[in-house]
Amino acid sequence: MKAGKKGCQQGDGIMVATATQIQKRLTVETKEIAQETTTIRSLDWDRDRFDIEFGLKNGTTYNSFLIRGSKTALVDTSHEKFRQLYLDTLKGLIDPSQIDYLIISHTEPDHSGLVKDVLALAPQAIVVGSKVAIQFLEGFVHQPFEKKIVKNGDRLDLGNGHELEFVIAPNLHWPDTIFTFDHKTQILFTCDAFGMHYCSSSTFDEDLATIEEDFRYYYDCLMGPNARSVLSALKRMKELPEIRTIGTGHGPLLHHNVTELVGRYRQWSQDQAKADTTVAVFYASDYGYSDRLSQAIAHGITKTGVAVEMLDLRSAEPQEITEVVGIASGLVIGMPPISDVNAQASLSTILAAAKPKQSVGFFESGGGDDESVYPLRIKFTDLGLTEAFPAILVKETPHETTYQVCDEAGTDLGQLLSRDRQINKIKSLDADLEKALGRISGGLYIITTKKGDLSSAMLASWVSQASFEPLGVTIAVAKDRAIESLLHVGDRFVLNVLEEGNYQALMKHFLKRFAPGGDRFAGVKTQPAANGSPILTEALAYMECEVSSRMELADHWIIYATVDAGRVSKPDALTAVHHRKVGNYY
Ligand code: FEO
C-alpha cells in the first residue's frame, strides 16, 4: 500500500497531533507501552527516500521513549522537522524540568536532531551515551551539558524498579550506538537496530507479513554491512533477561515477533559473516555524506557474498584499523575532512598496513573540506594496490542515482574479489550433472525497469509462467545483479521476449559490462510502457509486470510477478531459446 493512501487513526490511548500547512504529512502519536513507559512516535508518512534505502515506499517514523521511575529518562528525541510537534507533545506529557536523563542511543540527526532543543527546556538533564556519542554531541550541541559516559553492562537506577542496563552496540550502524534495557518492563531500546522504514498507526508489529519486506530491506542496507557487529550485539543481548519488547527507533516496535525477528538478524548476519573474503570500508561519521555513501558501497559489496567491515576514520583505534586491513582483500576509503587530525592519522595507519595484492576504491564525501582523492590514490597504487572502480566524486547532495553508482561500484569490487571463488565452485561440480542441468531449456528475455530516476536492465533466461489466476511469472535474479534493488515487492518492470534469429544485437548489448551507474539503454530503441518501464522496440513481445513476492535462495532471488498487460509484435515469430552446454553457470 502506498504511504499516501494510509489513514492516520486515533486508537485507544493514542494522542495524535498534526502539523498543518505543510506539504508532507507529519504527525506525532503517543502511547503507553508498558508500566510508566510512553513512546512518542514521530510519523513521517510521505518520506519517500531515506538516504541509501531508496526503495523506501512506506514512509518512516522516529521513535522516542519516556520512562518514569522516581527519576525520569527520555530515550532519544526526533528529527528536526518535527521540532514544534515533538516539543509540544513532550511538554504535554511532562514538565521538561522533571527530566533527569537524556539517553542518546545514536547521534544521527533523525534521533538527535532535537537534543539541543530538549536541553534548552531541560538544562538539568544529564546526557547519557557512549564515549563516542558524547564526543559527537559536543561537536554539534556547542554548549556545555551534564554528561555520563556508559560502558557495556553499566546500570542506571531510575527507581520504582526501572533499573536500566546499557549494552554497547558499536557499528549498528555508527560507532556510537548503545542499547538500553529496562529490567522492570523488559524493553530493550535499540534505536536503528531491528528497525524498519515503515509508517503506520500500529504501534506494534501485529502483522508480520506486512512489515517483513521492509524489515529485511532495512537490514540489508544498514545492518548487513556490519554483520559481525550485529553478531557481537546479539551475543551481548543474550546475557540480558528475556526481552519482551524491542523499542526500535524506526517503524513499529517489536513485541509479537521478537524471537522470530531477532532470529532473522542472527541468521542473516551469520550468513554474511561466514564469507571468506572481506572488504574494509572506511568512512567519516557525521561528515558530508560519508556514512551514507559508504553504506551504499557496502550494500553493493555484500550482494556478492563478500563480507564488509566498516570503520569510522574519526574514532577507530589504530590497532583495530591495522587488524582489519590485515585480513581484508579490498579497501574502500571515503575521503575525510582535511582538517580532522584523527581521520588523517587513520589514513596513515591504513597506508602502512595496506598490501600490494589488495584492491582499493575511493570516494569523496561532499563535505566541502574533503582531502582530494588523487594524491592518496597515487600512494596506494604506488604500493601496488589495484583500483577496483573509478573514484566517486560527490559534488552536490547525493541523489538516488549517486547511491546507485555507489552500490554498483561496490558490486564491481565484490565480484572482482570473488571471481576466483566462483571459478573454483564451477570446477567442483560433477561433469555429468552439469551437462544434464544444461539441458534444461529457457527462453531469452530482457527485464527492463525504471523507478524515479533509476533504470536498469538484465538479460534473463530463468523465466517461467507460474500462475493463471492471476496471470503470473517467476524470474530468478542473481543476488549480485544491479537490477535486484529495483525488483522489490510493488516494483514494476517489463519482461521483453527476444525473437529467434533476431536477438544477437540485443543480447550482446545487455551482456556488456556497464560502468557503475552506466546507462543500460544508450543506443537502444525503447518506448515507455504504461507502468513507466522501457519496452524494447526490437523485442518480439513484452509484458508489463508487478513484483508480488520474493523467495530467497542462497545465490538468487525468485521474483514472482503478476502480469497486467502485454503485446506481440510478430504473431508468427518464435521465442529465442537459450541452449547451454552446462548448468553450473550462465
Ligand atoms: Fe536512524 Fe542512523 O539514524
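As a starting point, this report considers the structure included with it. (Residues numbered from 1 in each chain as written. Predicted model: local features only at pLDDT ≥ 70, side-chain atom pairs only at ≥ 80, totals over all residues. Heavy atoms only, no water.)

**Description of the environment of histidine 556**
Tracing the backbone through its elements, the reader meets histidine 556 in strand β28 (residues 556-568). Residue classification places histidine 556 among the buried positions, given a relative accessible area of 9%. Taking C-alpha positions, histidine 556 is 50 Å from isoleucine 99, a pair spaced 457 residues apart along the chain. Each residue touching histidine 556, except ones within four places of it in the same chain, is listed here: Trp462, Ala476, Val477, Ala478, Lys479, Met551 and Tyr586. Here aspartate 555 takes part through its side chain, which lies 3.0 Å from a polar atom of the side chain of histidine 556. (Helix = DSSP H or I, 4+ residues; strand = E, 2+ residues; numbered from the N terminus. Buried < 20%, exposed > 50% of the residue type's maximum accessible area, 1.4 Å probe, protein only. Contact = heavy atoms within 4.5 Å. Polar contact = N/O pair within 3.5 Å; in protein donor to acceptor, adjacent residues only side chain to side chain.)

**Focus on the packing of aromatic side chains**
The geometry of an aromatic ring pair is captured by the separation of the ring centres together with the interplanar angle, meaning the angle of the planes. Taken as a whole, this structure holds eleven aromatic pairs when the rule is applied. Ring centres 6.0 Å apart and planes at 80° place the aromatic pair phenylalanine 136 and tryptophan 174 in the edge-to-face group. With phenylalanine 136 in helix α4 (residues 131-141) and tryptophan 174 in the loop between β10 (163-168) and β11 (178-182), this residue pair connects regions lying 38 residues apart in the sequence. In terms of burial, phenylalanine 136 and tryptophan 174 fall into one category: buried. Ring centres of tyrosine 219 and tyrosine 265 lie 4.9 Å apart, and the angle between their planes is 65°; on these two criteria the pair is classed as edge-to-face. Placement of the pair is tyrosine 219 in helix α5 (residues 208-223) and tyrosine 265 in helix α7 (residues 258-273), with a sequence separation of 46 residues. (Phe/Tyr/Trp six-rings, centres within 6.5 Å; stacked < 30°, edge-to-face > 60°.)

**Quick notes on unusual backbone geometry**
Residue leucine 172 is joined to histidine 173 through a cis peptide bond whose omega torsion reads -5°. A cis amide bond links glutamate 469 with the next residue in sequence, proline 470, at an omega value of 0°. Looking at the secondary structure, you find proline 470 in the loop between β22 (463-467) and β23 (472-478). In this structure, glutamine 186 is a non-glycine residue whose phi angle is positive, near 60°. With respect to the element layout, glutamine 186 can be found in the loop between β11 and β12 (187-191).

**Topic: the pattern of salt bridges**
This model, assessed by the stated rule, comprises 30 salt bridges. Notably, a salt bridge pairs glutamate 138 with lysine 147, separated by 2.7 Å at the nearest N-O pair. For glutamate 138, a relative accessible area of 37% translates into the label partly exposed. We classify lysine 147 as partly exposed; its relative accessible area is 42%. For the salt bridge of aspartate 407 with lysine 303, the shortest nitrogen-to-oxygen distance reads 3.8 Å. Of this pair, aspartate 407 sits in helix α12 (residues 400-428) while lysine 303 sits in the loop between α8 (290-302) and β15 (307-312), and the two are 104 residues apart along the sequence. Note on accessibility: aspartate 407 and lysine 303 belong to one class, buried. The network of salt bridges with common partners includes Arg216, Asp220, Lys479 and Glu552. (Salt bridge = Lys/Arg side-chain N within 4 Å of Asp/Glu carboxyl O.)

**Some details on the sheet that holds strand β13 (residues 245-248)**
Read across the sheet, five strands follow the order β9-β10-β11-β12-β13 without closing on themselves; strand pairing throughout is mixed. Every interior strand has two partners, whereas the edge strands, β9 (155-157) and β13, have only one. Across this sheet, the average inter-strand angle for adjacent strands is 25°, counted without regard to direction. (Pairing = 2+ DSSP bridges. Axes fitted to C-alpha atoms, helices over the stretch in contact; angles between N-to-C directions.)

**Focus: α7**
Between its first and last C-alpha, α7 extends 22 Å over 16 residues, near the 22 Å set by a 1.5 Å rise per residue. Of the positions making up α7, those classed as buried are Val258, Leu261, Val262, Arg264, Tyr265, Trp268, Ser269, Gln272 and Ala273. Taken down its axis, α7 places every buried residue within 155° of arc, on the same side. Looking at the buried residues of α7, the elements they touch are α5, α6 (227-238), β13, α8, β15 and β27 (541-552). (Expected span 1.5 Å × (residues − 1). Arc of directions from axis to C-beta.)

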